[in-house]
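Observations on the three-dimensional arrangement
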Amino acid sequence: MCESSEGDDERRMRYATFTVVAESGFTGVGRTISSHPAITHEGIQNITLLGDGTVLMLTQLRGDLELARTILEERDDIRQCEVFGREEGYAYIHAEATEVVQQLLTVEREHEVLISTPIEFGEAEHGKGEELRVTLLGEDRTLQRVVSNAPDAVDVRLEETGEYQPNLDEVAALLTDRQREILATAVEMGYYEVPRETTQRKIADALDVAPGTVTEHLQKIESKVLTPLVR
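Heads up: these notes are all about the structure in this document. (Residues numbered from 1 in each chain as written. Predicted model: local features only at pLDDT ≥ 70, side-chain atom pairs only at ≥ 80, totals over all residues. Heavy atoms only, no water.)

1. Digging into the overall build of the protein chain
Check the secondary structure of the protein chain and you find eight helices and eight strands. Counting every position in the protein chain, which comprises 231 residues, the buried fraction comes to 39%. When contacts within the protein chain are restricted to residue pairs at least 6 apart in sequence, long-range pairs at least 24 apart make up 64% of them. When the accessible surface of the protein chain is split by element, carbon and sulfur atoms take 46% of a total near 13700 Å². (Helix = DSSP H or I, 4+ residues; strand = E, 2+ residues; numbered from the N terminus. Buried < 20%, exposed > 50% of the residue type's maximum accessible area, 1.4 Å probe, protein only. Contact = heavy atoms within 4.5 Å. Areas by Shrake-Rupley, 256 points an atom, 1.4 Å probe, with all protein chains shown as cover.)

2. Thoughts on the pattern of salt bridges
Within the structure shown, the criterion is met by nine salt bridges. R79 is paired through a salt bridge with D52; the nearest N and O atoms lie 3.4 Å apart. On the criterion of sequence distance, the pair formed by R79 in strand β4 (residues 78-85) and D52 in the loop between β2 (39-49) and β3 (54-63) is long-range, its members being 27 residues apart. Judged by its relative accessible area of 49%, R79 falls in the partly exposed class. (Salt bridge = Lys/Arg side-chain N within 4 Å of Asp/Glu carboxyl O.)

3. Points about the packing of helix α6 (residues 177-188) against helix α7 (residues 200-207)
α7 packs onto α6 with a crossing angle of 120 degrees between their chain directions and a minimal axis gap of 10 Å. By the angle class used here, α6 and α7 are oblique. With respect to the hand of their crossing, α6 and α7 are arranged in right-handed fashion. Mapping the contact onto sequence places R178, E181, I182, T185 and A186 in α6 and I203, A206 and L207 in α7. A class-by-class count of the residues in the contact of α6 with α7 yields five nonpolar, one polar and two charged. (Axes fitted to C-alpha atoms, helices over the stretch in contact; angles between N-to-C directions. Parallel < 35°, antiparallel > 145°, perpendicular 65-115°, else oblique. Left-handed = near helix turned anticlockwise from the far one by under 90°. Nonpolar A, V, L, I, M, F, W, Y, C, P; charged D, E, K, R; others polar.)

4. Quick word on helix α3 (residues 99-110)
Helical periodicity: at 3.6 residues per turn, an α-helix aligns residues three or four positions apart in one direction. Under the 1.5 Å per step criterion, the end-to-end length of α3 is 16 Å for 12 residues, consistent within 8% with the ideal 16 Å. Within α3, the full set of buried residues consists of V100, V101, L105 and V107. Angular distribution of buried residues about the axis of α3 spans 150 degrees; they occupy a single face of the element. Facing away from the buried side of α3 by over 90 degrees, the exposed positions are E99, R109 and E110. One or two residues past the end of α3 sits E112, with phi positive at roughly 55 degrees. (Expected span 1.5 Å × (residues − 1). Arc of directions from axis to C-beta.)

5. With respect to unusual backbone geometry
Here T117 and P118 are connected by a cis peptide whose omega angle stands at 5 degrees. Note on placement: P118 falls in strand β6 (residues 114-123). Cis peptide bonds are those with omega within 30 degrees of zero, and the linkage from V194 to P195 qualifies with -5 degrees. Looking at the secondary structure, you find P195 in the loop between α6 and α7.

6. Let's talk about the packing of aromatic side chains
Counted according to the given criterion, the structure contains one aromatic pair. Ring geometry for Y191 versus Y192: centroids 5.0 Å apart, planes at 90 degrees, classification edge-to-face. You can call Y192 partly exposed: its relative accessible area is 37%. Above the plane of the ring of Y191 lies R196, whose end atom (NZ or CZ) is 3.9 Å from the centre. (Phe/Tyr/Trp six-rings, centres within 6.5 Å; stacked < 30°, edge-to-face > 60°. Lys NZ or Arg CZ within 6 Å of the ring centre and 35° of its normal.)

7. A closer look at helix α4 (residues 140-148)
Every buried residue of α4 is accounted for by T142, L143 and V146. Here the buried residues of α4 occupy an arc of 100 degrees about the axis, which is enough to place them on one side. Away from the buried face of α4 by more than 90 degrees, exposed residues Q144 and S148 are located. For α4, the secondary structure elements touched by its buried residues are β1 (14-22), α3 and β7 (130-138).

8. A closer look at the side chain of T17
Mapped onto the secondary structure, T17 falls in strand β1. Setting aside its immediate chain neighbours within four residues, T17 contacts R133, V134, T135, R157, L158, E159 and E160.

9. Structural notes on the pairing of β7
Where burial is concerned, most of β7 is hidden: seven out of the nine residues are buried. Relative to β7, β1 is paired through nine bridges, and the arrangement is antiparallel. Following the sheet pairing, Y15 is matched in β7 by L137. Relative to β7, β6 runs antiparallel, the two being bridged by seven bridges. In the sheet register, G122 faces β7, and the bridge partner there is E131. (Pairing = 2+ DSSP bridges.)

This is how it looks when you write it as structure tokens:
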């Protein structure tokens, strides 16, 4: 059950932006792309650690994307890649993950925080490794645990922190796939029309779930969507 308490800052969603530096680097992919002046690495839009220790990445690129495609196809640590666009576009990459990347993404998953994208990538100062600028979303205590459990192989520096004020797209991203399905069905069936054109029981019947399941999910959805709008 989702609980909240007015004035309880520890329960409020906060953001913390960090610069994470690894002398050994994170992946060879970003460094390889960024080493070419004809290509600009705009940021990682999405990254997911798979059960086999590989990662899926969607990264935004600008510049000579044909060159980027050639570079990526030549790398042995990339299992699959697709580059979309001409002068501006994206690269979908399925690659081997280094131990550092696996540890970072495992910490994020185990401590129930969210990574806000894009993740900015760059060379560390004086060429000593690579750095990521990443923003995490979570409760204060959770963010503190994430930092304390960061891999020994990285240097974590806090850049900025504050109360999280999401836009509507970001709020939608906080919903689970099941919650989005239930919300879409509720809207389609007229649950939020005035007057209402359906009931929670009818929504449950359409989705073949118990009415209590619909009630619980709609309460969680409304809490996630409406609470940020009145803070």
